Amino acid sequence: MAEHAWILAAVPAIAFLALAALGRRLPRQGDFLAVLAAASGFGLFFAVLASFLGRGEGAWPVLNAIEWTAIGDFRLNMGIAVDQITIVMLAVVTTVAFMVNVFSVGYMKGEPRYWWYFAVLQLFVASMLLLVLADNLLLLYVAWELVGLSSFLLIGHYWERRSAVEAAKKAFITTRVGDVGLLIGIILLWKATGTFNILDIIHAVEAGEVGGTGLFVSVMFIFLGAMGKSAQLPFHVWLPDAMEGPTPVSALIHAATMVVAGVYLVARLLPVFEAAGDALLVVTAVGLITALFSGVVAFAQTDIKKVLAYSTVSQLGFMFVALGAGVVSAGMFHLFTHAFFKALLFLGAGSVILGAHHRQEVGQLGGLWRRMPVTAAAFLVGSLALAGLFPLAGFWSKDEILHAVEGHRGALVFALISLASIMTAFYTTRLFILTFLGKPRDAEAGHARETGASMTGPLVFLAVLSVFAGFVVYGGVGEALGFPGGFGEFVYLHHPETFHIDWGLAGVSTALFVIGVFGAGWLYRGGRLDRAAALTAWQPKLYEMTRRKFYFDDLYQFLIDRVVLGFSYVVSWFDRFAVNDTGVDGSATLTGYAGFLLKHLQTGRVPNYALAIAAGVAALILVALAAGG
Amino acid sequence: MELTVLVFLPAFAGLLALLLPADRARYARWVALAGALAALGLSLALFFRFENGGGFQFADRASWIDAGAFEVQYFLAVDGLSLPLVVLTTFLTVAAVLVSFSIEHRQRAYFACLMVLSTSVLGVFTAMDFLLFFLFWELELFPMYLLISVWGSGRREYSAMKFVLYTVAGSAFMLVAILALALGAGTFDMAVLGQSGVESAVLPLRWVFLFLFIGFAVKLPIVPLHTWLPDAHGDAPTAVSVMLAGVLLKMGGYAIIRTCVTILPGEARDYGVWFAAIGAASVLYGAFVTFRQTDVKRLIAYSSVSHMGLVLLGIGALGTTAMVGAAYQMLAHGLITGLLFVVVGLMYERTHTREISRLGGLARQMPLLAAGLAFAGFASVGLPALAGFVAEVTIFLGAFQAYEWAVIMAIFGVVLSAGYILWTLQRVVFGPVRPEWAGAGDQRHWWEHASVAGLAALVILLGVYPDLIMDMLDPAIGAVSARVGS
């Protein structure tokens, strides 16, 4: 089964075609097809997993490829490769996709283009699975663009709203700038190694066939693609805007799966990054700056989804920090746990938005704890997991990251990532308090009602995962599930690492959690805003700067309006006036005018012509004499 | 015999349409459709009977003018480079006839012109005698002039005249070059010229090369010889835009490979770097100008300038992979831009405006056409699994070895294309729904469905199964690049 893992991508692809062609005419607009496809994907994943584990470590990775095209001596194979990293990604994608499809049945009920929403959701799942299964960079790039397309279509689902279309366009173009880097990087690697196959590239790099500055440059180009997709500074601007899409989409694409594609890509190519000089240092730096930056910006956001979006950007930064430390298991582990609790938080936010009649500004929410108990409890679990409470999932993966940074990147990075952890706990607590505690600040929030079972069901399921998913770090747990050991013994770069809890580090981690939670708890005690208001009044400029996201969006808007469009204005002005009107029409006018002048020579009177002939003959004689003499 | 039948079949159907009695004028479109379908069927039969790697096939040859010192032949043949373009032409002719079904004005003459246009393009792609080639090249001007100036819109006489003058100016250079070559080598036979090469001509060879290039570059078009294109596209009827973008531009790219590179490989080696530079510059220049267009058809026309720049870049690299990519880009661009013009044309029939600022929210009132525009737009952006992506990546990979800088410039054009296409989609199909288009109606006639669906299907087919064409292009282009020695 593992060698036929492409079936996992084929099922949603077929569902997409069926829904796109027939969805509107099917009963219930075909939503059952989507849920069925997602459920079978979830089931098939276990078949793939069992087959994969059954082969034993010696038989990994499982490969399967066909020749796709050949031009001259250039051959291109397309195929899949299933290794441990792929298995982790498949687990994340199929699980969250299943939950999101179920959740959407309730959430999207009565929304416009219900069938189309489900169709594109399946297109996304198919492309995402293809992305993680691809055995070569070109196929990966194909899938990479297709997830971008699905993301575009889903962000812009409510296309009547200008802001939604703007956000969709922004997401596509911003990531495309990174994608250009990725494509150049892929071509450079191909030029250096002669192949697109990921394993062959890694082998070539490990054998020392390529290296030096050339490799560093190609890896940096590849990393640009990863930064774009995973919304790292300075490409982060598209992700918060992408919240214009329906909330389940935010949970699936913009929290759990597509945005981690960049992390996945770096993890997949980590041996290449390792061999490429200071590439990993760049990865750490970008991740760290992003983690801190978006941690700060998340403080000042008032839209429940935007807080979560900046939180996602920040957590992706954590993953890059771990990969930058060279520890693939820590990065992938955080990707794994984060997918569950962040999807939970987004779906929880969706439940809140629906329950509170489309209120999503925290200033209008509050006091939902009593009115939406299941959502509130699930959201609490997700928040605590994100903030890193022992022994929830987030605690273990954050602990692994701290461990990796401590071992490989030194005290300064450790201190800064700890600071980012405090921020995580802080903004998460703030969000929870403002949404669920205190009194409702808006009449609609006061009439909020708990959502139906198709929504609370996935919340409970993901809450359970957010509690327990972290335990797979232990060897005993992993073995009980059929793995060779804990997470670090399954996913590793050079040699497996057995997990031993470091109580000192756990203590630090817990201290960071406590500081963040109590800080926010003090500031927003009982859901009151007076202390926060005082803080804003004390530093209004700093607050404004944070609220405006440090003007990144304004800067880019300026660059697009003034530089890109300004330059194209100049070029098209040149095209119109210099090339066309002067060069082309001008020469036509000139020809016409010359004809107008010369036509006076054609008088039609014989004496005039005779005179001209005589003058011509005289001139010729003069020339001949001059030449002869 | 097959090729002769294929080439003249459309014109024959056009003649029949013209000869219909006045009260039967409405049957002209059916006559044209029958002719176009027959030509498509015949070209497909040749396509599947063609032996990949077998050189020139289905040759029809007869002596035409024997002047002692030189001989002009009637000589038609196809190889792996021209046959896909022939199929593209017959296919787009069918699409062009279908989108013309709603034409009311002087139907018989219209379809006669359209079909003669098809014949002239087929002639250009199959003629293997240089003078015959030139004849077909010039023949295309008559129907184009009439089609734009009679059935066009806006400043149609100006645009038609501009198109003709531009082409004729280029042709003048071309004719000088052809005569110089043929008189030097003693033959007009392009197969012979392409095999033996030319050692000397009446003019210095680099002049000959340059003159040929100017003639073809106008058609391609390249910056700065492109300003006829937005005018011609803007004012031409839909079907003519489809043929113009779909196949007429490809005559330029085809001819550069077939003559400049094949007959004068030494000069091609010397000037390849210029091709790459002009190509990359056209990509960026075209993209920037596209941003400022306010008329949908002119916008697509400028995006064509950008996309055809890639063709020249691929040819300039001279390697097999890059030139295969260039040829593939011609096919992909023909289909994608053809589809764009079909959809925009159908929208125009319903809204009677091409001003982007007056459109908007069409996804509500015209969901099918909006989906078609979005699909074609994304194909134009180079979305994977569609034809344009295969072409672009092949060009990038092939040209990268030779001209790293030009490829990187061109890749940035790809970002810009995402920008202008998505911006256009935003303004035309998305955004607030406008009440004035409420009753405009969606794509609804079978001929509209057929042309949109057929083009879209081929865009997907060439995107996921490139070997269908690659296997045919590869040996033919391989022979060309072997002559260049790279």
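Below or above, wherever it landed, is the structure these notes cover.

Thresholds applied
- Residues numbered from 1 in each chain as written.
- Chains lettered and ligands numbered in written order.
- Predicted model: local features only at pLDDT ≥ 70, side-chain atom pairs only at ≥ 80, totals over all residues.
- Heavy atoms only, no water.
- Helix = DSSP H or I, 4+ residues; strand = E, 2+ residues; numbered from the N terminus.
- Rg over C-alpha atoms; globule rule 2.2 N^0.38 Å.
- Buried < 20%, exposed > 50% of the residue type's maximum accessible area, 1.4 Å probe, protein only.
- Contact = heavy atoms within 4.5 Å.
- Areas by Shrake-Rupley, 256 points an atom, 1.4 Å probe, with all protein chains shown as cover.
- Lys, Arg positive; Asp, Glu negative; His and termini not counted.
- Charge placed at Lys NZ, Arg CZ, Asp CG, Glu CD.
- Axes fitted to C-alpha atoms, helices over the stretch in contact; angles between N-to-C directions.
- Parallel < 35°, antiparallel > 145°, perpendicular 65-115°, else oblique.
- Left-handed = near helix turned anticlockwise from the far one by under 90°.
- Buried area = accessible area lost by both parts, 1.4 Å probe.
- Salt bridge = Lys/Arg side-chain N within 4 Å of Asp/Glu carboxyl O.
- Polar contact = N/O pair within 3.5 Å; in protein donor to acceptor, adjacent residues only side chain to side chain.
- Nonpolar A, V, L, I, M, F, W, Y, C, P; charged D, E, K, R; others polar.
- Expected span 1.5 Å × (residues − 1).
- Core = buried A, V, L, I, M, F, W, Y, C linked by side-chain atoms within 4.5 Å.
- Patch = residues over 30% accessible without salt bridge, like charges linked within 9 Å, V, L, I, M, F, W, Y side chains within 5 Å.
- Pairing = 2+ DSSP bridges.
- Bend = angle between axes of the 7 residues up to and from the residue.

### Quick notes on the overall build of chain B
Turning to step 1, where the next piece is worked out: Counting secondary structure elements, chain B contains 20 helices and two strands.
Turning to step 2, where the next piece is worked out: Since a compact globule built from 486 residues should have a radius of gyration of about 23 Å, the 21 Å found for chain B is in line with a globular shape.
Turning to step 3, where the next piece is worked out: A buried classification covers 68% of the 486 residues belonging to chain B.
Turning to step 4, where the next piece is worked out: In chain B, 81% of the contacts between residues at least 6 apart in sequence involve partners at least 24 apart.
Turning to step 5, where the next piece is worked out: Summing over all exposed atoms, chain B offers an accessible surface of approximately 14,700 Å²; the carbon and sulfur share of this is 66%.
Turning to step 6, where the next piece is worked out: Side-chain charges in chain B split into 26 positive and 29 negative, and the spacing between the mean points of these groups amounts to 12 Å.

### Description of the overall build of chain A
Turning to step 1, where the next piece is worked out: The number of helices and strands found in chain A is 28 helices and two strands.
Turning to step 2, where the next piece is worked out: Projected onto its principal axes, the C-alpha positions of chain A cover 115 × 60 × 60 Å.
Turning to step 3, where the next piece is worked out: By the burial criterion, 57% of the 629 residues in chain A qualify as buried.
Turning to step 4, where the next piece is worked out: If the 38 positive side-chain charges of chain A are averaged to one point and the 39 negative ones to another, these points end up 13 Å apart.

### A look at the packing of helix α14 (residues 320-351) of chain B against helix α20 (residues 467-484) of chain B
All names here are of chain B.
Turning to step 1, where the next piece is worked out: In the contact formed by α14 and α20, the axes pass within 9 Å of each other and the chain directions differ by 130°. By the criterion of interaxial angle, the relationship of α14 to α20 is oblique. Seen along the crossing, α14 lies across α20 with a hand that is right-handed. In this structure, α14 contributes Thr320, Met323, Val324, Ala327, Tyr328 and Leu331 to the contact, and α20 contributes Ile469, Met470, Leu473, Asp474, Ile477, Gly478, Val480 and Ser481.

### Section: the interface of chain A and chain B
Turning to step 1, where the next piece is worked out: Contacts between the two partners involve 46 residues from chain A and, on the opposite side, 56 residues from chain B.
Turning to step 2, where the next piece is worked out: Here chain A meets chain B over a buried area of about 4,600 Å², counting both sides, of which 73% is carbon and sulfur.
Turning to step 3, where the next piece is worked out: Of all residues in chain A, Ile71(A), Trp159(A) and Arg176(A) bury the most surface against chain B, accounting for 14% of the area lost on that side.
Turning to step 4, where the next piece is worked out: Where chain A meets chain B, there are two salt bridges.
Turning to step 5, where the next piece is worked out: For the pair chain A and chain B, the interface holds 11 residue pairs in polar contact (both at pLDDT 80 or more).
Turning to step 6, where the next piece is worked out: A breakdown of the residues in the side of chain A that touches chain B according to their chemical character gives 30 nonpolar, five polar and 11 charged.

### Overview of the packing of helix α8 (residues 212-229) of chain A against helix α13 (residues 279-299) of chain A
Residue and element names in this part refer to chain A.
Turning to step 1, where the next piece is worked out: Here α8 crosses α13 at 25°, and the two axes come no closer than 10 Å. As judged from the angle between their axes, α8 and α13 are roughly parallel. For α8 against α13, the interelement crossing comes out right-handed. In this structure, α8 uses Phe216, Val219, Met220, Phe223 and Met227 to contact α13, whose residues at the interface are Ala279, Val282, Val283 and Val286.

### Some points on unusual backbone geometry
Turning to step 1, where the next piece is worked out: Residue Pro234(A) is reached from Leu233(A) by a cis peptide bond, and omega for that bond is 0°.
Turning to step 2, where the next piece is worked out: By the element assignment, Pro234(A) lies in the loop between α8 and α9 (238-241).
Turning to step 3, where the next piece is worked out: Of note in this structure, Arg113(A) is not a glycine but carries a positive phi near 55°.
Turning to step 4, where the next piece is worked out: Among the secondary structure elements, Arg113(A) is positioned in the loop between α3 (84-107) and α4 (114-133).
Turning to step 5, where the next piece is worked out: With phi around 75°, Ala385(B) is a residue other than glycine that occupies positive phi space.
Turning to step 6, where the next piece is worked out: In this fold, Ala385(B) is placed in the loop between α16 (367-381) and α17 (387-400).
Turning to step 7, where the next piece is worked out: Ala385(B) sits in the partly exposed class, given a relative accessible area of 25%.

### Re α4(A)
Turning to step 1, where the next piece is worked out: Under the 1.5 Å per step criterion, the end-to-end length of α4(A) is 29 Å for 20 residues, consistent within 8% with the ideal 28 Å.
Turning to step 2, where the next piece is worked out: The buried count for α4(A) comes to 18 of 20 residues, which makes it a mostly enclosed element.

### Some remarks on the nonpolar core
Turning to step 1, where the next piece is worked out: In this structure, Phe273(A), Met332(A), Phe336(A), Phe130(B), Phe133(B), Leu212(B) and Ile256(B) are the most contacted members of the largest nonpolar core, which totals 412 residues.
Turning to step 2, where the next piece is worked out: With 19 residues, α14(B) is the largest single contributor of residues to this core.
Turning to step 3, where the next piece is worked out: Beyond its immediate stretch of four places on either side in the chain, Phe133(B) contacts Val124(B), Ala127(B), Met174(B), Met190(B), Phe216(B), Tyr254(B) and Ala255(B).
Turning to step 4, where the next piece is worked out: With 20 residues, the next largest nonpolar core counts Ala291(A), Ala330(A), Phe414(A) and Ala420(A) among its residues.

### Description of a nonpolar patch on the surface
Turning to step 1, where the next piece is worked out: A cluster of nonpolar side chains, contributed by Phe567(A), Tyr569(A), Val570(A), Trp573(A), Phe574(A) and Phe577(A), occupies part of the molecular surface with about 650 Å² of accessible area.
Turning to step 2, where the next piece is worked out: Inspection of the secondary structure puts Phe574(A) in helix α27 (residues 552-598).

### As for the pattern of salt bridges
When charged atoms on two side chains of opposite charge get close, those side chains can pair.
Turning to step 1, where the next piece is worked out: In the structure shown here, the tally under the stated rule is 27 salt bridges over all chains.
Turning to step 2, where the next piece is worked out: Note that Arg548(A) is salt-bridged to Asp554(A), the shortest N-O span being 2.8 Å.
Turning to step 3, where the next piece is worked out: When the shortest N-O distance is used, the salt bridge between Glu448(B) and Arg350(B) registers 2.9 Å. With a gap of 98 residues between them, Glu448(B) in helix α19 (residues 446-464) and Arg350(B) in helix α14 connect regions that are remote in the sequence.
Turning to step 4, where the next piece is worked out: For Glu448(B), a relative accessible area of 2% corresponds to the buried category.
Turning to step 5, where the next piece is worked out: Salt bridges here are not isolated pairs; linked through shared partners, they connect Glu544(A), Arg547(A), Arg548(A) and Asp554(A).

### Section: the pairing of strand β2 (residues 71-78) of chain B
Residue and element names in this part refer to chain B.
Turning to step 1, where the next piece is worked out: The buried count for β2 comes to seven of eight residues, which makes it a mostly enclosed element.
Turning to step 2, where the next piece is worked out: Relative to β2, strand β1 (residues 57-66) runs antiparallel, the two being bridged by seven bridges. Counterpart to Ile65 in the pairing with β2 is Val72.
Turning to step 3, where the next piece is worked out: What sits between the antiparallel neighbours β1 and β2 is a turn of four residues, in which Gly68 has the positive phi angle 80°.

### A few points about the side chain of Ser397(A)
Residues and elements named next belong to chain A.
Turning to step 1, where the next piece is worked out: Tracing the backbone through its elements, the reader meets Ser397 in helix α18 (residues 393-408).
Turning to step 2, where the next piece is worked out: Within polar-contact distance, the side chain of Ser397 engages the backbone oxygen of Gly394 at 3.3 Å.
Turning to step 3, where the next piece is worked out: Residue contacts for Ser397: discarding those within four places in its chain leaves Phe333, His334 and Thr337.

### Focus: α20(B)
All names here are of chain B.
Turning to step 1, where the next piece is worked out: For α20, which comprises 18 residues, the first-to-last C-alpha distance of 24 Å matches the rise-based estimate of 26 Å (1.5 Å per residue) to within 8%.
Turning to step 2, where the next piece is worked out: Within α20, the axis deviates most sharply at Asp474, by approximately 30°, and proline Pro475 lies no more than four positions further along.
Turning to step 3, where the next piece is worked out: All buried positions along α20 are accounted for by Asp467, Ile469, Met470, Met472, Leu473, Asp474, Ala476, Ile477, Val480, Ser481 and Val484.
Turning to step 4, where the next piece is worked out: Downstream of α20 by a residue or two, Gly485 has a phi angle that is positive, lying close to 85°.

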